[in-house]
Amino acid sequence: MKKADTVQFLGCHVGMKAPRYFLGSIEEALSYDADACMIYTGAPQNSKRKPVSELRVEEGVALFKSAGWDARQVVIHAPYIINLGNSIKEGAAEFAREFLAEELRRVALIGSKYLVLHPGAHLKEGSETGIKWIAEGLNEILDADESDVMILLETMAGKGSEVGCTFEELQAIISQIHKTDRIGVCLDTCHIHDAGYSLSDFDAVMKSFDEIIGLDRLRVCHVNDSKNPKGARKDRHENIGHGYIGFDLLEAIVSDERLANVIKILETPWVDGKAPYKEEIDALRKGVPADHMSRKPLAPLETLF
Ligand code: FE
Ligand code: FE
Ligand code: ZN
C-alpha cells in the first residue's frame with residue numbers, strides 16, 4: 001500500500017461536559033494536537049439530551065475554524081442504546097427512529113456532516129429481519145430530513161446479535177436506502193479484526209470493501225487496537241501498540257493514501273485516569289512508537305481462529 005506524505009484528519013473522541021460543552025470538546029481535541037474529533041451529543045448510554053442552544057456551539061465552531069478545520073472534521077456518534085433492528089419489543093424501533101430523527105436535527109444544528117451509527121441488533125430474529133428493519137428505519141428518517149448530514153453505518157465486531165459485522169451485511173442495508181448520497185460507512189479497526197478480517201493483509205480488506213461497498217462510502221475510520229485475537233467477536237478496544245493488532249499495522253492504516261481524506265478517530269481507553277490521545281496521535285503521525293508500544297501484535301494475529 002502507498003503511504004500518504006502527512007497523516008491528516010487524525011483525532012479522537014472527546015467529552016462534552018458542563019460548563020463548556022462543545023467549546024470544551026474542541027479545546028480538548030486541540031490540546032492533543034488533533035485535527036479531528038468525535039463527540040456524543042450527551043451520554044452514549046442514554047438518550048437524555050440538552051437543547052443545542054445550551055451547548056456553546058458558535059464558540060466551538062469559531063475555535064475549530066480558527067484552527068483551520070472544516071465541519072467534516074467534527075464527527076458525531078449516535079448513542080449505542082438505540083436499536084433500529086429491534087423487531088421484538090413493542091415500540092422500541094419506533095423510539096429509535098424518533099430519537100435518530102431528532103439526533104440528525106441536532107447534528108445539522110451543530111453543523112457537523114457525519115453521524116456514526118451502530119446499525120443495530122436483530123435479537124435472534126436473524127440478520128435478514130434485522131437488516132430489513134434497519135433499512136426501513138433509516139429510510140423513514142432520511143426521507144423526512146432535508147439536511148446534508150450523512151449517516152455512517154459502523155462496521156461491528158459481531159458480539160451478540162449485532163448486524164453489520166461483514167461488508168456484505170452493511171451493503172445489504174445500504175442498497176435499500178432511497179437517499180443513497182446520505183449513507184456511508186465508518187470502519188472500526190478493532191471491530192473488523194474482532195469480526196474476523198485480517199488487518200495484516202489490509203490491501204485485501206480494502207479491495208473487498210471497495211468491491212462490496214465502494215471506497216467512496218468510507219468517510220470515518222475508528223483507529224483502535226484490540227484486547228482480543230482476530231475473530232473473537234468481543235469488541236474491547238485496546239491502546240495503540242498494546243493489543244493484538246499492533247502499532248505497525250495501525251500506523252500503516254492511518255498513513256494509507258487511500259484513507260488520506262478519511263477522518264481517523266481514536267477510541268482507545270484512558271490509562272490511569274489520563275487520556276492517551278496526545279501521545280498516540282503523535283506516535284501515529286510520526287510513525288515512531290513510544291517505548292511502551294509494541295510494533296507487532298502482542299500475540300500472533302491468527303492464534304485462535
Ligand atoms: Fe461506535
Ligand atoms: Fe468504533
Ligand atoms: Zn467498539
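Residues numbered from 1 in each chain as written. Chains lettered and ligands numbered in written order. Predicted model: local features only at pLDDT ≥ 70, side-chain atom pairs only at ≥ 80, totals over all residues. Heavy atoms only, no water.

I'm lost on the coordination of the iron ion (ligand 2) in this one. Help?
Reference values for angles at a metal are 109.5 degrees in the four-donor tetrahedral case and 90 or 180 degrees in the six-donor octahedral case. Looking at the iron ion (ligand 2), one finds its protein donor set to be E154 (OE), D188 (OD), H222 (ND1) and E267 (OE), positioned 2.1 to 2.2 Å from the metal centre. Considering all 4 donor atoms around the iron ion (ligand 2), angles at the metal cover 81 to 170 degrees and the coordination shape is irregular. One chain supplies every donor for the iron ion (ligand 2), spaced along it as E-x33-D-x33-H-x44-E. Taken as an interatomic distance, the gap from the iron ion (ligand 2) to the iron ion (ligand 1) is 3.2 Å; E154 donates to each of them. On the criterion of sequence distance, the pair formed by H222 in strand β9 (residues 218-223) and E267 in the loop between β12 (263-266) and α9 (277-286) is long-range, its members being 45 residues apart. (Donors = N, O, S within 2.8 Å, 3.2 Å for Na, K, Ca; no water. Tetrahedral: all angles 85-135°; square planar, octahedral: opposite > 155°, others 65-115°. Helix = DSSP H or I, 4+ residues; strand = E, 2+ residues; numbered from the N terminus.)

Help me out: how do you make sense of the layout of surface pockets in this one?
Here the idea is plain: a probe the size of a water molecule rolls over the atoms and shows the empty space left. Reported here for the largest pocket is a volume of approximately 510 Å³. Counted by class, the lining of the largest pocket contains 6 nonpolar, 7 polar and 6 charged residues. Its volume calculated, the second largest pocket comes out at about 300 Å³. Forming the boundary of the second largest pocket are 19 residues, of which V14, G15, M16, K17 and Y40 lie nearest the centre. If you list the elements that add at least two residues to the lining of the second largest pocket, you get α1 (21-31) and β2 (37-40). Residue composition of the lining of the second largest pocket, by class: 10 nonpolar, 4 polar and 5 charged. (1 Å grid on protein atoms, 1.4 Å probe; cavity = no way out; pocket = protein on both sides within 12 Å on 5 of 7 lines; lining within 4 Å. Points joined across faces, edges and corners; volume = space filled by probe spheres on them. Nonpolar A, V, L, I, M, F, W, Y, C, P; charged D, E, K, R; others polar.)

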